[in-house]
2 protein chains.
Amino acid sequence: MGNFEEHPLYKMMHPKSIAFWGASSSPMRMGTIQLMQLLSMGFEGAVYPMHPREETVAGLKAYKNAKDLPAPADLAVLVLPTDVVPQILEECGKAGIDRVIIVSAGFGEIGPEGKVMQQRLVEIADQYNIQFLGPNCIGVVNPYVKLNTTFFPYQATAGFIGMASQSGSFITQLFVHLEKFGLGFSQGFSVGNEAMTDISDCLEYLGECPNTKVIGLYIEAIRDGRRFFEIAKKVAKKKPIVAFYVGGSGAGGRAALSHTGALAGPDLLYSGVFKQCGIIRAYSIEELIDFCFVLGTQPLANGNKIAVLTHSGGPGAAAADAAERNGMVLSSFGDNTLEKLKKFVPHTASVGNPVDLTFSRNPNDYTETLPKILLEDDNVDGMFMYVLLPAHRILETIRQTVPDEEQVEQLARAYVETQCSEIAGLTTIYAKPVVGGSFCPRSELFVQVLQDKGFPVLPSPERAVKAMGALMVYSRMRKALLTED
Amino acid sequence: MGNFEEHPLYKMMHPKSIAFWGASSSPMRMGTIQLMQLLSMGFEGAVYPMHPREETVAGLKAYKNAKDLPAPADLAVLVLPTDVVPQILEECGKAGIDRVIIVSAGFGEIGPEGKVMQQRLVEIADQYNIQFLGPNCIGVVNPYVKLNTTFFPYQATAGFIGMASQSGSFITQLFVHLEKFGLGFSQGFSVGNEAMTDISDCLEYLGECPNTKVIGLYIEAIRDGRRFFEIAKKVAKKKPIVAFYVGGSGAGGRAALSHTGALAGPDLLYSGVFKQCGIIRAYSIEELIDFCFVLGTQPLANGNKIAVLTHSGGPGAAAADAAERNGMVLSSFGDNTLEKLKKFVPHTASVGNPVDLTFSRNPNDYTETLPKILLEDDNVDGMFMYVLLPAHRILETIRQTVPDEEQVEQLARAYVETQCSEIAGLTTIYAKPVVGGSFCPRSELFVQVLQDKGFPVLPSPERAVKAMGALMVYSRMRKALLTED
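Predicted model, so just to flag it, every value in this text is computed and none were measured.

About the thresholds
Residues numbered from 1 in each chain as written. Chains lettered and ligands numbered in written order. Predicted model: local features only at pLDDT ≥ 70, side-chain atom pairs only at ≥ 80, totals over all residues. Heavy atoms only, no water. Pairing = 2+ DSSP bridges. Helix = DSSP H or I, 4+ residues; strand = E, 2+ residues; numbered from the N terminus. Axes fitted to C-alpha atoms, helices over the stretch in contact; angles between N-to-C directions. Contact = heavy atoms within 4.5 Å. Salt bridge = Lys/Arg side-chain N within 4 Å of Asp/Glu carboxyl O. Buried < 20%, exposed > 50% of the residue type's maximum accessible area, 1.4 Å probe, protein only. Least-squares fit on C-alpha atoms with pLDDT ≥ 70 in both. Polar contact = N/O pair within 3.5 Å; in protein donor to acceptor, adjacent residues only side chain to side chain. Buried area = accessible area lost by both parts, 1.4 Å probe. Nonpolar A, V, L, I, M, F, W, Y, C, P; charged D, E, K, R; others polar. Core = buried A, V, L, I, M, F, W, Y, C linked by side-chain atoms within 4.5 Å.

Participant: Hey, could you run me through the sheet that holds strand E6 (residues 99-102) of chain A in this one?
Facilitator: Strand pairing in a sheet is mediated by backbone hydrogen bonds. Such pairs are either parallel or antiparallel. All names here are of chain A. Reading across from one edge, E2-E1-E5-E6-E7 is the order of the five strands in this open sheet, with parallel pairing throughout. The two strands at the open ends of the sheet, each matched to only one other strand, are strand E2 (46-50) and strand E7 (131-133). Pairs of neighbouring strands in the sheet enclose a mean axial angle of 20 degrees, with direction left out of account. Sheet analysis places strand E1 (residues 17-21) next to E2, joined by five bridges and oriented parallel. Bridging from a neighbouring strand, Trp 21 pairs with Met 50 of E2. Against the sheet, helix H3 (residues 30-40) engages E1 and E2, with an angle of about 160 degrees to E1.

Rendered as structure tokens:
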């Protein structure tokens, strides 16, 4: 914990007071929107709107100059026209504010002129010992202290995914995506032009953060490759890192260049670097979060042999297909396992792998007995499980014997809770990774209960199996990294 | 339409009366569950439960023998123990029932003994001129006539995707997946062991179905390659076919074998066949439906040049990256287009492609003006659009000027409707395909409105762009097929 609280970014992410420039009585201004999000999130520290003329902003007393504040704010947020940024940064420095988020754009990303302006910011920061984030960023989110400086409401949970992104609105776009899985950021950074604080700094910091179980990176280009390499390698020994790199294709690279002014490198080079420092590469935004879900909740795997458990042939075959396409092999079960399975699997279904238990059997076998038989087998390094505990079926079944509808619903909920506990508990008993797949959305009770118990249920068999593959690769890479020492 | 109604499968999918074997007073039997789904779907024809002893089943008068029915049923559904199936099939034949769905398993898929039994079914069918589906299938769904013989409730809409699947429960698993997009099947088949009716028959039939705009296939193995090839080629000239083939990897193939007893072929062979007859191959269940969504709603493309419109840099770069990885090129805009774009795109964002309109501009430009500028350019064959019209922002904005909360909500809804109409109408004006991507789920109003207007909004930029790629490939293949003639 010592390293964590001493890290320069700690104070920026845990401010007790914030001075906010750029909000006004005009509701459609970006600065106003960002201030409103900060307030509506329920930030508990002091918030000081800064404005040259207005007496109050968003119902709060406004201040004209940083030196007028009751005490130096822990953090300043600047959503100002480009031209005035240097002057306000200097004002912060003079008033003893040493953490600043510069949202304003119009610097390095627009060309030589902007680069000069950006360099001026760094000089001011150096002079006053300021650590700033940006410019051209959207700020940060730390749900554990109800901090959200972005323009988008954060309604996801306080979670375990630490995120650092070279695209600003990207992290805000993920807010709604995370909600679909009951996931949340532990802390999230938009690094913008990285004039002073870069993605490597965030990575180092998130590596120390105790709430962060896995780190997600959105990368358009790495500016200081050597430093990134050293830090990533150190962090990857402790916790998994998943990187989504879009600069590798020509089109992605050009898009990145015009976006944050960063020059992207060849795809294969980045893949090579990621591999060497133990980073898992994601090829889409969905993969990035899928992988984080599994890598942040499941234990490491000892190998790449996977068991597939299903009660529907199609999803089982799709999972098997995906396993092979993603570098895993389907476990060959031991004789002991086959013997135990035989009495559960009728002649019309499979006793091989996938294990296909048709719908006609006792549903509790599927959740309570079969997973254990499979995970006990030494030939199984991890398991994929197709999950479906549809409320309509459970309700219908209970209604057969219980007349009171209220009681029916209570019993159904209790049943789902119990079955989900069985599934979510497997990982702890066997110290092997287990992933689930279901087409049901989170509005189905069992999906919500499983996800909230930290069991990854992904929206399709293929995505779940692919994420398991990522975990197996990381397990191997981490072992190699630790052996190097 | 003539061909359609004369096709042997038409009567099976549009029965006016159904004789149902295998349901009883025992609520946990598969047959009972299937009958309950049929009734709860609201099937409007006559339903005759068939039972040797019970007088009523599910509140309906039960019949002991097919010959006791008031008139021969248009369709029989058999959910019976394997042994009695031949005898009941014969009973059907004698009573003049000539369309039968055999759900019962334990035939060809279990080995030589089962194969003999299955052959017996074919002989009986031939003798009595019966067309049957199965055995070892889960039946059919035709939401247009409220027909659902499966065990799972169908709550999706009556849609435009025709589906034929070699996995039974697979189609039922898709019911919930379709709902997430507001999509639905036009008609869906589980073909099981294909003893008499195979996936090619369904493909031919769906090719004639006027409600079917696109056909999805779940394939574990094609039994009669030549016939499949001929039919697929004919159908693909009229409407798109998307096939998900899982038998190609060793693991997928073995899973398929134990599932429906079909022998899968090498991956590349299937890819080659698909290509030659104009079928788009999907590599996952999600892709299958994503591709169907776009191929079933969007016009053909004249080339592979795509415009990317975004207001968030990350998703834009991800879309550009995905475009290049999936065989598309980013359009180089004409001078005229660049000139028109200039006044909308501020200096901090891109004027190239992706077109990145930051959040700070008038939001209506994004939906009303920019898409038209892009689609008018001859260098644009199709467009991806990142869409986000978050209710919270719209509500907040309207609240600034309108005090009455009820009126605020009405105005917000009207605003979303108008903007979505603009977007969904683009395809008609320009006869070019447009796809949308958003991380927001369907519970966000704009997603629902767009999807219900037939505009494909997929859950990520990458998936939307990939589906656009599939459409562009199909457009090319179809042109080639038609040139052959």
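That shown, we press on.
Participant: Even after reading the chapter, I still don't get the pattern of salt bridges, so can you show me in this structure?
Facilitator: Side chains carrying opposite charge are able to pair once their charged atoms draw close together. Counted under the stated rule, the structure contains 52 salt bridges over all chains. A salt bridge links Asp 452 of chain A to Arg 442 of chain A; its shortest N-O distance comes to 3.0 Å. Of this pair, Asp 452 of chain A sits in helix H17 (residues 445-452) while Arg 442 of chain A sits in the loop between strand E19 (434-437) and H17, and the two are ten residues apart along the sequence. With a relative accessible area of 47%, Asp 452 of chain A lands in the partly exposed category. One salt bridge in this structure joins Glu 44 of chain B and Lys 146 of chain B, with 3.1 Å as the shortest N-O distance. A residue pair is termed long-range when its members are at least 10 positions apart, and Glu 44 of chain B in the loop between helix H3 (30-40) and strand E2 (46-50) and Lys 146 of chain B in the loop between strand E8 (139-142) and strand E9 (147-148) qualify at 102 residues.

Participant: Mind showing me how you'd approach the relation of the copies chain B and chain A here?
Facilitator: Between the two copies of this chain, the relationship is a rotation about some axis together with a displacement along it. With an axial shift of 0.0 Å and an RMSD of 0.0 Å, the rotation relating chain B to chain A amounts to 180 degrees. Taken together, these values place the two copies in the relation of a two-fold axis. Taking C-alpha positions as reference, the residue of chain B nearest the rotation axis is Pro 441 of chain B, located at 4.9 Å. Mapped onto chain A, 100% of the interface residues of chain B are again interface residues, and the two copies thus contact each other with one and the same surface.

Participant: Can you help me understand the side chain of Thr 310 of chain A in this one?
Facilitator: All names here are of chain A. Take Thr 310: it is sitting in strand E15 (residues 305-310). Given a relative accessible area of 1%, Thr 310 falls into the buried group. Looking at Thr 310, its side chain comes within polar contact range of the main-chain oxygen of Ser 312, at 2.7 Å. With residues near it in sequence (within four places) discarded, Thr 310 still touches Pro 315, Gly 316, Pro 354, Val 355, Asp 356, Leu 357, Tyr 366 and Tyr 386.

Participant: What's the story with the pairing of strand E1 (residues 17-21) of chain B in this structure? I'm lost.
Facilitator: With five of five residues buried, E1 of chain B lies mostly within the body of the structure. Residues Ser 17, Ala 19 and Trp 21 of chain B line one face of E1 of chain B and the alternating positions Ile 18 and Phe 20 of chain B line the opposite face, and both faces are buried.

Participant: Teacher, can you tell me more about the interface of chain B and chain A here?
Facilitator: Buried accessible area, meaning the area lost when the parts come together, often serves as the stated size of an interface. Between chain B and chain A, the contact holds 72 residues from the first and 72 residues from the second. When chain B packs against chain A, the two sides together hide about 5400 Å² of surface, and 63% of this comes from carbon and sulfur. At the boundary of chain B and chain A, one finds four salt bridges. Along the contact surface separating chain B from chain A lie 18 residue pairs in polar contact (both at pLDDT 80 or more). Of all elements in the fold, only H3, helix H6 (168-179), helix H9 (250-260), helix H11 (285-297), helix H12 (313-325), helix H15 (391-399) and helix H18 (461-484) of chain B reach the threshold of two or more residues within the side of chain B that touches chain A. It is H12 of chain B that contributes the most residues to the side of chain B that touches chain A, nine residues altogether. Class assignment of the residues belonging to the side of chain B that touches chain A gives a composition of 33 nonpolar, 24 polar and 15 charged.

Participant: What is the right way to look at the nonpolar core in this model?
Facilitator: Soluble globular proteins tend to pack their nonpolar side chains together in the buried interior. The biggest cluster of nonpolar side chains holds 300 residues, and the ones touching the most others in it are Phe 189 of chain A together with Phe 189 of chain B. Residues in contact with Phe 189 of chain A, not counting those within four places in the same chain, are Leu 9, Met 13, Leu 133, Gly 139, Val 140, Met 163, Ala 164, Ser 165, Ile 171, Cys 202, Tyr 205 and Leu 206 of chain A.

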